[in-house]
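# Geometric and topological summary
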Amino acid sequence: LAGLIIEKVSGTSYADFVAKRFFEPLGMKESHYCNERQVVKNRAHGYDMGPGGVLQLKGFIDHTYPYAAGSLCSSAADLLTWLQALHGGRVLPERAYRSLISPDTLNDGTRLRYAKGVAVHTLAGHDVIEHGGGINGFLSSTIWVPREKMAVVVLVNTAGPVSADDIAASIVTTVLGRGGAAPNVAANGDLSAYAGTYQGVGRGGTLSLTFAADSGRLTVKQGNQPAAALTPLDKDTFARGRERITFIRDGSKVVSVRVDRIFQNTVLLKRP
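So, here is what we can say about the structure in this document.

Rules used in this analysis
What you see as residue numbers is a count from 1 along each chain, following the sequence as written. Predicted model: local features are reported for residues with pLDDT of at least 70 only, side-chain atom pairs are reported and counted for 80 or more only, and whole-chain, interface and lining totals are derived from all residues. Side-chain measures here rest on the full set of heavy atoms in the structure, leaving out hydrogens and waters. Only protein chains enter the calculation, and the probe is 1.4 Å; a residue is then buried if its accessible area is under 20% of its type maximum, exposed if over 50%, and partly exposed in between. Runs of H or I in DSSP of at least four residues are treated as helices and runs of E of at least two as strands, each being numbered from the N terminus. What the arc covers is the set of directions going from the helix axis to the C-beta atoms. Contacts were defined at the residue level, with two residues in contact if any of their heavy atoms lie within 4.5 Å. Residues belong to one nonpolar core when they are buried, are Ala, Val, Leu, Ile, Met, Phe, Trp, Tyr or Cys, and are joined through side-chain atoms within 4.5 Å. Here a polar contact means two N or O atoms within 3.5 Å. Within protein one must be a hydrogen donor candidate and the other an acceptor candidate, and residues neighboring in sequence count only if both atoms are side-chain atoms. In this description, strands pair whenever DSSP reports at least two bridges between them.

### Considering helix H3 (residues 76–86)
If you check which residues of H3 are buried, you get Asp78, Leu79, Leu83, Ala85 and Leu86. Summarising the axial view, the buried residues of H3 lie within an arc of 165 degrees, below the 170-degree limit, and thus occupy one face. Those residues of H3 that are buried lie in contact with helix H2 (14–26), helix H4 (94–100), strand S7 (138–145) and strand S8 (150–156).

Here it is as structure tokens:
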């Protein structure tokens, strides 16, 4: 939809618009609208996971389908230029930029950690602005740390099992260390109150999570994935990496759980 609006307003194609409006003025010579047939010097091949976890060349993709949602090809150097320009005031006027990086609040008062296409949260105690993406054969992750004006760009030419987001996060932690106060790791009272299966609408289908109290810690399991231990943060709130899990009570009884995965925020009801 965004691409169609851009073409309608600008009177030019989306590919030409991003080239003339962004890439050329910023000197991003290695960035363009993707084309499977175009010969591009030094372009990386993309790989997908085949049977038995063996890498294989990715399949063909017609970029008229992902369109403005994910068909821009670039390099790590160009994306570094983009991050410095975007967060340095060279792309958007101040008011538009503030709107871009300001998360909204839901009707029930819940403050999101997701703004207009970017995640705005804390990583290892550092305030960050983050965005990642994935398409056939490729994964990407970018992080901007405002305080240090530090940019991190990770590009991976396979759709799995390596996580570009995890690599980017580890770079931030390695370079800057851990900032801020350490999380409260004290046990949250009777963990058995949280145990049970919670279900609701997830991203693209039903989301079901099962929590269990195990040897003084709370674990969560989704589908066939192994159970993962949660870190207590506050009363009724736990963490698993970037994920924040907050249990909701009706009186003293736990009746639901809010799962905040930054790019997904949903409430799951406890099954009887």
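### As for unusual backbone geometry
Pro161 follows Gly160 through a cis peptide bond whose omega is 5 degrees. Despite not being glycine, Asn42 has its phi angle at roughly 65 degrees, a positive value. Relative to the assigned elements, Asn42 resides in the loop between strand S1 (32–33) and strand S2 (47–49). For Asn42, a relative accessible area of 74% corresponds to the exposed category. The backbone phi angle of Asp236 is positive, close to 70 degrees, even though this residue is not glycine. Mapped onto the elements of the fold, Asp236 is located in the loop between strand S13 (231–234) and strand S14 (237–240).

### Observations concerning the nonpolar core
Among the nonpolar cores identified, the biggest contains 17 residues, and Phe211, Phe247 and Val257 are the most heavily contacted of them. Counting only elements with at least two residues in this core, the list comes to strand S10 (206–214), strand S11 (217–221), strand S15 (243–250) and strand S16 (253–260). Not counting residues within four places of it along the chain, the set of residues in contact with Phe247 comprises Tyr194, Tyr198, Phe211, Leu218, Asp236, Phe238, Val254, Ser256 and Val257. Formed by twelve residues, the second largest nonpolar core is a distinct cluster that contains Met150, Val156, Ala168 and Ala169.

### Points about the side chain of Ser31
Secondary-structure assignment places Ser31 in the loop between H2 and S1. Judged by relative accessible area, which is 8%, Ser31 ranks as buried. Among the polar contacts made by the side chain of Ser31, one reaches the side chain of Ser74 at a distance of 2.7 Å. Filtering out sequence-adjacent residues up to four positions away, Ser31 remains in contact with Phe23, Cys73, Ser74 and Asp78.

### Thoughts on the pairing of S13
Taken residue by residue, a regular strand's side chains alternate between the two faces of the sheet. Relative to S14, S13 is paired through three bridges, and the arrangement is antiparallel. Looking across to S14, one finds that Asp234 is bridged to Thr237. The turn linking S13 back onto S14 is made up of two residues, and Asp236 within it adopts a positive phi angle of 70 degrees.

### Examining the environment of His131
Within the secondary structure, His131 sits in strand S6 (residues 126–135). Accessibility expressed as a relative area gives 38% for His131, which makes it partly exposed. In the structure, His131 is positioned eleven residues away from Thr142 in sequence and 5.4 Å away in space, judged by C-alpha atoms. With sequence-adjacent residues up to four places away left out, His131 is seen in contact with Gly117, Val118, Ser141 and Thr142. A polar side-chain atom of His131 sits 2.7 Å from the main-chain carbonyl oxygen of Gly117.

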